[in-house]
Amino acid sequence: MRARQLEVFIAVMRAGTVTAAARMLNISQPALSQILLHTEDELGFTLFERVKGRLRPTPEALEIFVDAERLSAALEGLRRKTTDLRLGKTGLVRVAASPPPAMTILPRAFTKFRRQHPKILLRSHMAPIAAIVDMLRAGDASLGIALDDRLPPDIDAQVIGSIGFACLLPIGHALAGKGELTLADLAGQELISYRGNTRPADELAHAARAQGVVLSPSLEIDVSISAVGLVQAGLGIALVDALLPWHQFGGLAVRPLSSGPEFPIALLTSRTRAISRADEMMRDEIRAACTAVLGSDKTKA
């Protein structure tokens, strides 16, 4: 089944009539019917039965429909990529990052890269780590940045820095009078922090056990940025990464976590896909931006 035949078959399956399918594809009804007939001749079996003006899929058509949609999606992805390359003229760089590095490291890296390579098209994706891995595998992103380096064997993770934790408190909270907080200070408090089985949660749990502290979040989050509104609403103290510029958000008292654990900032690539020269240049800028951001945070501290 060729690409055009695949397109016609899927359109008819979705529309149910030749008229509607032809309208979807912006071709004439006779042309669509002819393609459908040729497809059935080549396949050697009937795809549709005509019932009261509609086309009813045969069992064979239903059997191949899922695979046909999968192939169609892959072809569409290929079309998008070739279009992107054409529009980018000299290249395309796609970076997927979890929210903290996407909001701190990437803006700095993109700014410097854009000054030096103004004709290269840049695309930024903000996503959780599982989605970043999927995008790297599918080729929808060339580079990834995440706060974890414990990844599947087909993903290369280069640690380019590390970051500790910060405590976000509602304005006026009793602990806001301290310049910094410890895990012991947080014991017994209403805590907002990462859900279990994530790298930050594992690091916090390990550190708490080592210090003889029991931490039990009453509200779990997937991404740290979501803690802002929860803390502002007075739901508790958030224990989150120290990478995001938390002082920019109103209604929060931000305190560093003293003697707390750190977790890695990792630059990710697929081991099974080569990266372009433009990707390599962006990778260098991301490393430099990470160093600059972490250095800036230490200066502020």
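A brief structural summary. This is a predicted model, so every value here is computed, not measured.

### Some points on the overall build of the protein
And step 1. When you go through the protein residue by residue, the secondary structure sums to 10 helices and 12 strands.
And step 2. Relative to the globule expectation of 19 Å for 301 residues, the C-alpha radius of gyration of the protein, 26 Å, shows a markedly less compact shape.
And step 3. For the protein, the spread of C-alpha atoms along the three principal axes comes to 80 × 45 × 35 Å.
And step 4. Expressed as a percentage of the 301 residues in the protein, the buried residues total 45%.
And step 5. At a minimum sequence separation of 6, the contacts of the protein that also span at least 24 residues come to 74%.
And step 6. Put simply, the protein shows about 15,500 Å² of open surface, and 53% of that area lies on carbon and sulfur atoms.

### A word on the nonpolar core
In summary, soluble globular proteins display a tendency toward joint burial of nonpolar side chains.
And step 1. In this structure, I265, M282 and I286 are the most contacted members of the largest nonpolar core, which totals 60 residues.
And step 2. In terms of residues, this core owes the most to one element, helix 10 (residues 277–300), which gives eight residues.
And step 3. Apart from residues lying up to four places away in sequence, I286 is in contact with V95, I105, L106, A109, L143, I145, I160 and L267.
And step 4. Membership of the second largest hydrophobic core comes to 21 residues, among which are V8, V18, A22 and F65.

### A few points about the packing of helix 1 (residues 3–15) against helix 3 (residues 29–43)
And step 1. Between helix 1 and helix 3, the shortest axis-to-axis distance is 10 Å and the interhelical angle comes to 110°. Regarding the angle of helix 1 to helix 3, the classification is roughly perpendicular. Every residue of helix 3 that contacts helix 1 at R4, Q5, V8 and V12 is listed here: L32, I35, L36, H38, T39 and E42.
And step 2. Across the contact of helix 1 with helix 3, the residue classes tally to five nonpolar, three polar and two charged.

### Overview of the packing of helix 1 against helix 2 (residues 18–25)
And step 1. Where helix 1 contacts helix 2, the two axes come as close as 8 Å, and the packing angle between them is 125°. Relative to helix 2, the element helix 1 is oriented oblique. As for how helix 1 packs across helix 2, the hand of that crossing is right-handed. Residues R4, E7, V8, A11, V12 and A15 of helix 1 lie in contact with helix 2, whose contacting residues are A20, A21, M24 and L25.
And step 2. For the contact of helix 1 with helix 2, the per-class residue count stands at eight nonpolar, no polar and two charged.

### What to know about the packing of aromatic side chains
Two measures describe an aromatic ring pair: the distance that separates the ring centres and the angle between the ring planes.
And step 1. A full pass over the atoms with the stated rule returns four aromatic pairs.
And step 2. Relative to F249, the ring of W246 has its centre 6.1 Å away and its plane inclined at 45°; by these criteria the two rings are tilted.
And step 3. Judged by its relative accessible area of 2%, W246 falls in the buried class.
And step 4. Judged by relative accessible area, which is 25%, F249 ranks as partly exposed.
And step 5. An aromatic cluster is built from F9, F48 and F65, whose rings are joined through pairwise contacts.

### Quick word on the pattern of salt bridges
And step 1. Across all of its chains, the model carries 16 salt bridges by this definition.
And step 2. A salt bridge links R195 to D222; the nearest nitrogen and oxygen atoms lie 2.3 Å apart. Highlighted residues: R195 in the loop between strand 8 (191–194) and helix 8 (199–210) and D222 in the loop between strand 9 (219–221) and helix 9 (227–232), separated in sequence by 27 residues.
And step 3. D222 sits in the exposed class, given a relative accessible area of 55%.
And step 4. Note that E280 and R277 form a salt bridge whose closest N and O atoms lie 3.4 Å from each other. On the criterion of helical spacing, the pair formed by E280 and R277 is a turn pair, its members being three residues apart in helix 10.
And step 5. Judged by its relative accessible area of 54%, R277 is exposed.
And step 6. A network of salt bridges, in which partner residues are shared, links D148, D149, R150, R199, D202 and E203.

Reading the values: the criteria
Residues numbered from 1 in each chain as written. Predicted model: local features only at pLDDT ≥ 70, side-chain atom pairs only at ≥ 80, totals over all residues. Heavy atoms only, no water. Helix = DSSP H or I, 4+ residues; strand = E, 2+ residues; numbered from the N terminus. Rg over C-alpha atoms; globule rule 2.2 N^0.38 Å. Buried < 20%, exposed > 50% of the residue type's maximum accessible area, 1.4 Å probe, protein only. Contact = heavy atoms within 4.5 Å. Areas by Shrake-Rupley, 256 points an atom, 1.4 Å probe, with all protein chains shown as cover. Core = buried A, V, L, I, M, F, W, Y, C linked by side-chain atoms within 4.5 Å. Axes fitted to C-alpha atoms, helices over the stretch in contact; angles between N-to-C directions. Parallel < 35°, antiparallel > 145°, perpendicular 65-115°, else oblique. Nonpolar A, V, L, I, M, F, W, Y, C, P; charged D, E, K, R; others polar. Left-handed = near helix turned anticlockwise from the far one by under 90°. Phe/Tyr/Trp six-rings, centres within 6.5 Å; stacked < 30°, edge-to-face > 60°. Salt bridge = Lys/Arg side-chain N within 4 Å of Asp/Glu carboxyl O.

These figures capture arrangement, not role.
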